[in-house]
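Remarks on the overall topology
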Amino acid sequence: MSHALVIDDLKKSFGPAEVIRGVNLRVEKGEVHAVIGPNGAGKSTFFNLVSGAFAPTSGEVRLHGQRIDGLAPEKIQQRGLARSFQVSNVFGNLSVFENLRCACFKQSAAGYTFWRPAGSVKRANRRAEEVLAMIGLAELRDSPAGALPYASQRALEIGMTIAGEADVVLLDEPTAGMSNTETTQAIELIRQVAEGRTLMIVEHDMGVVFELADRISVLVYGEIIATGTPEAIRNDPRVKEAYLGEEAA
Amino acid sequence: MSLRVSPWRALAPWLISLLVLLVIPMLVSGNGTFSIINLIAINIVFALSYNMLLGQGGMLSFGHAVFFGLGAYGAIHGMNLIGDAGYDGQGFWAHFPVYLLPLVGFATGALAALLVGWPFCRRAGTAFAMITLGLGELVAAGSQMFPTVFGGEAGVFSNRMVGPVWFGLELAQPADVYWFSAFWVLLAVFAMWAFTRTPLGRLSNAVRDNAERLQFIGYPPRNLRFLVFIAAGGFAGLGGGMAAVNYEIVTPESLGLLTSGLALLMAAVGGLGVFYGPIVGAILVTVMNSLLSDYTDASILYVGLVFLAVVMFAPSGLGGGIEQVRQAWRRGDLAAHLPGWLGGALAVVLIALGLVGTIELVYQLSHGRDKLAQVLGLQPDPSSPLVWLGVVALFAAGFGVARASKNYREARS
Ligand SMILES: Nc1ncnc2c1ncn2[C@@H]1O[C@H](COP(=O)(O)OP(=O)(O)OP(=O)(O)O)[C@@H](O)[C@H]1O
Ligand SMILES: [Mg+2]
């Protein structure tokens, strides 16, 4: 089995506080891998390390066999890894469509061009339209992203993440704060996103996790205490104790 | 809901602008008027180039005049080279028409930005503002050390009646320069507008809105800021080149903080968020500066007041206000909003008149009679309490209308 991501002994400290304390993880190509864990466990920090937002204190991250730890985010993006943010992080004054199109320029090798209109970059426009339809925001195409309702902004967040045709996608709590119907729609969207991609997803909603994930890793206090199929995780006594216990009780 | 604009709708503003530029010389006459119009053209290019940085790229610069001034110096030296080459008619400059000197300005400005810009563009925000402020002061002060290049206090002067003349386009009178200005302002505005529509232009908006996210869609913010910085420097230099041809003299003041401040003032008064905002701002500020200084010693104070009023009452600038009205009109609820907005505008005018009255009266007390009061046909006597009562009444009416229209607006929303 080939791995999309191989993470070895990854550590990150902020000053004296060690937040990620030696994470080892192998993410298989094409799988949906959920990362769960209590608040403050370090899930977002872990994503930040893998996606290049922070450089790790020590340890290695390999994407398709190549070292990416310590690279700048844009370098990692260019190698095919994209991530979404727990708190929506869009270009607030740009329209929904423009947000998506900007996220497509890199793969069309068009971003630094000033000698032709953006509308003439066929590949970026086609891809942006495609993603716009996929995330169901065609109606809001020309609205400024900053003025979108919450759930739409979350959908745009996912759209921007996948627009660049990355084959490894990290989603940080894509359904947080959504209503039930919105969550159902989001799950449908994430299922589409997962097609033909490797997906790592942080999620608090266990319903979502068990519905989507092929495998689950449990991150507690900066360490992964268990990795396995949903079935195995559900029955793992350590997990029950450390995390699910609170909910099961 | 996607609004596809028909090609005619898209072309209309350009055709109208062209028409206006063609009609202006039929309506106006006199060198003084043409001089003001030529200055407006220069300032439009300068203000728009400034807005490439601030409005579109999110970079607040206090040193933009450096590129305007260097462009002007580049062009005036070019003009001298053309003049010198005229004696033997040999070489590159002998064949370079003065008409094209703004291109030299563009190249100089862009090159200067290319040379100094990279370290500036690491961050936007306060760091960028401070560094550009430092650059402006440094270049303005440093220019005194190289009198051969910058001409010392007096500056460098030249003569535009040199070199080859294309299509009989002479540059003798301000009215001749008008066509030169009209040509370049239209070209530069179109180029800067087109820039906003390119991938680079769009990504410069993205770096303004959210530099962090930009990294995760594959672009280092610094690269984008740097490219925008170069482009803005180039267009500022183009404006400088227009100024060099227009005035036939360039002084170190054109590099300094006051000139940089003018760019910020024009762009902010006109509005940073709409493309044409800085055009409106450049026209208004230039006209105010040029006309008022003939009539009152307080002209700078008045321009400052306009700036304050815009920042306080219309933070998105005059362009932003126009845009708001336009959108309401499109939605079809202009009639509902208009009384509230007009009331607000009336309040601002009344308060402004009160302020003007106060300022003129104070000026009369301290400086003797100011000409503005005579122009308005008033002969106010600052020692009469009635006159002061009138001023107070203006303020009171202004605040009353402000309050009423605010209530009106709130009741509607
Ligand atoms: N930039 C930072 N500087 C200092 N401490 C940080 C930084 N980022 C995160 N931390 C700390 O690291 C710990 C883990 O935070 P993180 O956001 O990764 O948790 P999380 O698992 O994503 O939690 P949540 O479920 O609430 O999103 C927290 O204690 C947080 O305060
Ligand atoms: Mg988190």
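Residues numbered from 1 in each chain as written. Chains lettered and ligands numbered in written order. Predicted model: local features only at pLDDT ≥ 70, side-chain atom pairs only at ≥ 80, totals over all residues. Heavy atoms only, no water.

Let us now look at the overall build of chain B. When helices and strands are tallied, chain B shows 17 helices and two strands. Relative to a compact globule of 413 residues, whose C-alpha radius of gyration would be 22 Å, chain B shows 23 Å and is just as compact. Taking the principal axes of its C-alpha atoms as reference, chain B extends roughly 70 × 60 × 45 Å. Here chain B, with 413 residues, has 46% of them falling under the buried criterion. (Helix = DSSP H or I, 4+ residues; strand = E, 2+ residues; numbered from the N terminus. Rg over C-alpha atoms; globule rule 2.2 N^0.38 Å. Buried < 20%, exposed > 50% of the residue type's maximum accessible area, 1.4 Å probe, protein only.)

Let's shift gears to the site of ligand 1. Residue and element names in this part refer to chain A. In the neighbourhood of ligand 1, 13 residues make up the surrounding shell, with G40, K43, S44, T45 and Q86 lying closest. Measuring from an oxygen atom of ligand 1, one finds a backbone N or O atom of G40 at 2.9 Å. Q86 is positioned with one of its side-chain polar atoms (N or O) 2.9 Å from an oxygen atom of ligand 1. Computed on the free molecule, ligand 1 has an accessible area of 630 Å², of which 59% lies beneath the protein chains in the complex. Taken together, the residues of the shell around ligand 1 break down into four nonpolar, seven polar and two charged. (Near = heavy atom within 4 Å. Polar contact = N/O pair within 3.5 Å; in protein donor to acceptor, adjacent residues only side chain to side chain. Areas by Shrake-Rupley, 256 points an atom, 1.4 Å probe, with all protein chains shown as cover. Nonpolar A, V, L, I, M, F, W, Y, C, P; charged D, E, K, R; others polar.)

The next point concerns the sheet that holds strand β1 (residues 3–14) of chain A. Residue and element names in this part refer to chain A. Judged by pairing direction, the sheet is antiparallel, and its four strands sit side by side in the order β2-β1-β4-β5 without closing on themselves. Bordering the open sheet on either side are β2 (17–28) and β5 (66–67), each of which pairs with just one other strand. Two strands pair when backbone bridges link them, and strand β4 (residues 58–63) and β5 are joined in this way by two bridges, in the antiparallel orientation. Across the sheet, R62 pairs through a bridge with R67, a residue of β5. Sitting on the sheet, helix α1 (residues 43–51) touches β1, β2 and β4, and the angle it makes with β1 is about 115 degrees. (Pairing = 2+ DSSP bridges. Contact = heavy atoms within 4.5 Å. Axes fitted to C-alpha atoms, helices over the stretch in contact; angles between N-to-C directions.)

As a further point, take the coordination of the magnesium ion (ligand 2). Looking at the magnesium ion (ligand 2), one finds its protein donor set to be S44 of chain A (OG) and Q86 of chain A (OE1), positioned 1.9 to 2.1 Å from the metal centre. Note that S44 of chain A is positioned in helix α1 and Q86 of chain A in the loop between β6 (81–83) and α3 (96–105), a separation of 42 residues in sequence. (Donors = N, O, S within 2.8 Å, 3.2 Å for Na, K, Ca; no water.)

The next point concerns the sheet that holds strand β8 (residues 198–202) of chain A. All names here are of chain A. Read across the open sheet, the six strands follow the order β6-β7-β8-β3-β9-β10; overall the sheet is mixed. In this open sheet, the two strands that pair with only one neighbour each are β6 and β10 (223–228). Averaged over neighbouring strand pairs, the angle between their axes works out to 15 degrees when direction is ignored. Note that strand β9 (residues 215–220) and β10 share five bridges and pair antiparallel.

Below, the discussion takes up the side chain of N51 of chain B. Residue and element names in this part refer to chain B. Relative to the elements of secondary structure, N51 occurs in helix α2 (residues 31–56). A distance of 3.1 Å separates the side chain of N51 from the backbone oxygen of L272, its partner in a polar contact. In contact with N51, other than residues within four places in its own chain, are Q56, A267, G271, L272, V274 and P278.

Looking now at the domain arrangement of chain B. Partitioning chain B into domains gives domain 1 (21–297) and domain 2 (333–412). Just the C-alpha atoms count here: the centres of domain 1 of chain B and domain 2 of chain B sit 36 Å apart. (Domains from an automatic or database assignment.)

With 36 residues of chain A at the interface, the matching set in chain B holds 28 residues. Taken together, the two surfaces of chain A and chain B that pack against each other cover about 2,700 Å², and 60% of this comes from carbon and sulfur. It is E74, F91 and Y112 of chain A in chain A that bury the most area against chain B; as a group they hold 24% of the surface buried on that side. Counting across the chain A and chain B interface gives two salt bridges. Residues E157 of chain A and R213 of chain B are paired through a salt bridge, measuring 2.4 Å at the closest nitrogen-oxygen approach. The tally of links between chain A and chain B comes to 16 residue pairs in polar contact (both at pLDDT 80 or more). At the level of elements, α2 (73–78), α3 and α5 (150–163) of chain A are the ones that each hand at least two residues to the side of chain A that touches chain B. (Buried area = accessible area lost by both parts, 1.4 Å probe. Salt bridge = Lys/Arg side-chain N within 4 Å of Asp/Glu carboxyl O.)

This part takes up the confidence of the model for chain B. Residue and element names in this part refer to chain B. Taken residue by residue, chain B gives an average pLDDT of 86. The fraction at 70 or more is 95%. When the elements of chain B are averaged for pLDDT, helix α16 (residues 371–375) gives the smallest value, 63, and helix α10 (residues 221–247) the largest, 95. If you check the scores for this complex, the pTM reads 0.88 and the ipTM reads 0.88. (pLDDT = per-residue confidence, 0-100.)

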